[in-house]
Amino acid sequence: MGGKYTPVMRTTVAIIGAGPAGLLLARLLDAAGVDSVVLESRDRAYVERRQRAGILEQGTADALRAAGAGGRMDREGLPHAGIELRFARRRHRVDFPSLTGGRSVLVYAQTEVCKDLIALRLSGGGPLLFGAEALAVEDAETHRPRVRYRHEGREGVVECAYVAGCDGFWGVSRRAVPPALVQTYERTYPFAWLGVLADVPPSHDELVYARHDRGFALLSQRTPTVSRLYLQVPEGTDAADWSHGDIWDELERRTGTDDGWRLRRGPITAASVTPMRSYVHEPMRHGRLFLTGDAAHIVPPTGAKGLNLAVGDVVTLARALVAHHATGDPAGLDAYSATCLRRVWQAERFSYAMTAMLHRHPDATPFDDRLQLAQLDRIATTRSAEADLAEAYTGFPLD
Ligand code: RFL
Ligand code: PHB
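Under the annotation held in an unreviewed UniProt entry, the chain carries the name 4-hydroxybenzoate 3-monooxygenase and is attributed to Streptomyces lasiicapitis.

The structure is reproduced here in structure tokens:
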């Protein structure tokens, strides 16, 4: 939208946040002919560059294709049929298709998903306002909720029939739910991830999840020439505390094997630290306010589930909103929170288990170390344990 707009906008769905959740919801509503307004506090360049997820489950990729946002993803995304677990200088490959009846995942960065969805919205969809910060959701328990926001120094209001809180963990939507009606479940971890981007081809063709006595490491990738790498570091670490040489040395130590495999080094172009958290806000609905994605739940990134959960939420929500708007049938909206929470808790369970299996807790004893190795050994030697991981990693069905 250009510089001119009235301080009061009217729409059917006010969407707060233009991360993957808000953008995909906007796209699904555009496709169904339901109008919406998207408010995003950051500018477009920031949203398109924010480094985050890299793995799309098959159901997520299918949802993006069905939304008409799969063209570049299918040309540039890298299909991955497995991951490698490393521990005790050994490697074990988990082959997804043979363990799951044919499922696999796609490496396609969240930045690219967002760019594709932003381009679609701006070429013929409804309004998407960057630099528009939602200040509060009001009257969520009525049929006419409102979102107060600030854009270009002026305050405005969006009057609507429904509000989608897609504003991530630090957003304002959750605050509109009276505390007495909310139950939250949370776990923080005494470690974080130092994540780097490097201009070097990936050292392995699939993702490598490594457990080491010095901590976890992950070798991921963005493109055939760009690697994405992570190291477990103590909570509160500043990325600037790590020299690039030290990062490569530590990655090499934690991912090293005895079979001659080599880590490729190259220039590091970005480094940042991500705290680790598990969090669920129940319920995910209050009146006509619907929370989606990170606004309602957080998983530690070890299971690669955050973006996929956000997509699952908005696919469920879009279907329910479209049905309610068209026919007045409330069944989908009434079931929204419970439907999503079942999937969310499966992802919480899996992400927690992967985190516990692969990270070194600062208080870990030799007994804990042995338990982790026994768990990894069980996956490497027992098909049912391996299949359990493969099924969860490649994703549970959307409904
Ligand atoms: P987002 O992406 O945080 O988007 C929320 C948007 O809302 C905006 N916003 C507001 N706008 C208007 N008014 C306000 N008051 C606002 N407050 C906030 C924000 O600017 C933002 O644009 O939430 P969404 O859409 O729910 O998407 C969730 C995902 O971003 C997140 O779950 C994933 O990135 C998590 N994640 C991963 N997920 C995966 O599925 N696979 C992965 O491999 C994966 N790896 C990761 C990850 C997250 C990471 N970090 C940095 C947390 C790796 C990392 C390192
Ligand atoms: C990533 O590529 O950023 C990525 C991949 C897998 C994870 C987490 C992050 O589990």
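1. Looking at the site of ligand 2
Around ligand 2, a shell composed of 14 residues is seen, among which Tyr209, Ser220, Arg222, Tyr230 and Pro301 lie nearest. Protein chains bury 97% of the 280 Å² of accessible surface belonging to ligand 2 in isolation. Looking at the shell around ligand 2, the elements that each hand over two or more residues are strand E15 (207–211), strand E16 (217–223) and strand E17 (226–234). Here the shell around ligand 2 gets three residues from one element, more than from any other, and that element is E16. Looking at the shell around ligand 2, its residues break down into eight nonpolar, three polar and three charged.

2. Concerning the UniProt feature "domain: FAD-binding" (unreviewed entry) in the chain
Residues given the UniProt feature "domain: FAD-binding" (unreviewed entry) here are residues 10–351. What you have in residues 10–351 is 31% helix and 34% strand, and the ends, taken at the C-alpha atoms, are 40 Å apart.

3. Let's talk about helix H9 (residues 331–358)
Along an α-helix, residues three or four apart share an orientation, since each turn contains 3.6 residues. Helix length check: H9 (28 residues) gives 41 Å between terminal C-alpha atoms against 40 Å at 1.5 Å per residue, within 8%. Where H9 bends most, at Ser337, the angle is about 35°.

4. A word on the domain arrangement of the chain
Along its sequence, the chain is organised into domain 1 (8–79 + 106–185 + 277–353) and domain 2 (190–276 + 362–394). For domain 1 versus domain 2, the separation of C-alpha centres amounts to 29 Å. Domain 1 puts 18 residues into the contact, and the matching count from domain 2 is 17 residues. When domain 1 packs against domain 2, the two sides together hide about 1500 Å² of surface, and 63% of this comes from carbon and sulfur. It is Gln51, Thr302 and Phe350 that lose the most area in domain 1 upon contact with domain 2, and together they represent 31% of the buried surface on that side.

5. Some thoughts on the site of ligand 1
Contacts to ligand 1 come from 35 residues, most closely from Glu40, Arg50, Gln110, Asp294 and Leu307. Within the side chain of Arg52, a nitrogen or oxygen atom sits 2.9 Å from an oxygen atom of ligand 1. In the complex, 90% of the free accessible area of ligand 1, which totals 1000 Å², lies under the protein chains. Contributing elements (two or more residues each) for the shell around ligand 1: helix H1 (20–32), strand E3 (36–40), strand E10 (132–138) and helix H8 (306–327). Of the residues forming the shell around ligand 1, the biggest block, four residues, is contributed by H8. Classifying every residue of the shell around ligand 1 by side-chain character gives 16 nonpolar, eleven polar and eight charged.

6. Some points on the nonpolar core
Generally speaking, a soluble globular protein has its nonpolar side chains buried in company with each other. Grouped together as the largest cluster of nonpolar side chains are 73 residues, with contacts concentrated most on Ile15, Leu24, Leu25 and Leu39. Setting aside its immediate chain neighbours within four residues, Leu25 contacts Ile15, Ala164, Cys166, Val314, Leu317, Ala318 and Leu321. One finds Leu85, Tyr209, Phe216 and Ala387 within the second-largest nonpolar core, a separate group that totals 33 residues.

7. Focus: the sheet that holds strand E7 (residues 90–95)
Taken in spatial order, the eight strands of this open sheet run E7-E6-E15-E16-E17-E14-E18-E21, and their pairing is mixed. The sheet is open, and its two edges are formed by E7 and strand E21 (297–298), each paired on a single side. Of the strand pairs in this sheet, strand E14 (residues 183–198) and E17 are connected by eight bridges, and their pairing is antiparallel. Bridge pairing in E17 links Leu197 to Arg228. Taken strand by strand, helix H7 (residues 244–255) contacts strand E6 (82–87), E14, E15, E16, E17 and strand E18 (268–282), and its axis lies near 85° from that of E17. Here helix H11 (residues 383–394) sits on the sheet in contact with E6, E7 and E15, set at roughly 60° to E7.

8. Some points on the packing of H8 against H9
The interhelical angle for the contact between H8 and H9, taken along N-to-C directions, is 170°, at an axis separation of 9 Å. Judged by the angle between their axes, H8 and H9 are roughly antiparallel. Of the residues in H9, those touching H8 at Leu309, Gly312, Asp313, Thr316, Leu317, Ala320, Leu321 and His324 are Gly332, Leu333, Tyr336, Thr339, Cys340, Arg343, Val344 and Ala347. Looking at the contact of H8 with H9 residue by residue, the class counts come to nine nonpolar, five polar and two charged.

9. Re the packing of H1 against H8
Between H1 and H8, the shortest axis-to-axis distance is 9 Å and the interhelical angle comes to 30°. By the angle between their axes, H1 is roughly parallel relative to H8. In terms of crossing hand, the pair formed by H1 and H8 is right-handed. Note on element contacts: H8 touches H1 through Leu307, Ala310, Val311, Val314, Val315, Leu317, Ala318, Leu321 and Val322, opposite Pro20, Ala21, Leu24, Leu25, Leu28, Leu29 and Ala32. For the contact of H1 with H8, the per-class residue count stands at 16 nonpolar, no polar and no charged.

What counts as what
Residues numbered from 1 in each chain as written. Chains lettered and ligands numbered in written order. Predicted model: local features only at pLDDT ≥ 70, side-chain atom pairs only at ≥ 80, totals over all residues. Heavy atoms only, no water. Near = heavy atom within 4 Å. Areas by Shrake-Rupley, 256 points an atom, 1.4 Å probe, with all protein chains shown as cover. Helix = DSSP H or I, 4+ residues; strand = E, 2+ residues; numbered from the N terminus. Nonpolar A, V, L, I, M, F, W, Y, C, P; charged D, E, K, R; others polar. UniProt positions renumbered as here; feature names shortened; annotations may be inferred. Expected span 1.5 Å × (residues − 1). Bend = angle between axes of the 7 residues up to and from the residue. Domains from an automatic or database assignment. Contact = heavy atoms within 4.5 Å. Buried area = accessible area lost by both parts, 1.4 Å probe. Polar contact = N/O pair within 3.5 Å; in protein donor to acceptor, adjacent residues only side chain to side chain. Core = buried A, V, L, I, M, F, W, Y, C linked by side-chain atoms within 4.5 Å. Buried < 20%, exposed > 50% of the residue type's maximum accessible area, 1.4 Å probe, protein only. Pairing = 2+ DSSP bridges. Axes fitted to C-alpha atoms, helices over the stretch in contact; angles between N-to-C directions. Parallel < 35°, antiparallel > 145°, perpendicular 65-115°, else oblique. Left-handed = near helix turned anticlockwise from the far one by under 90°.

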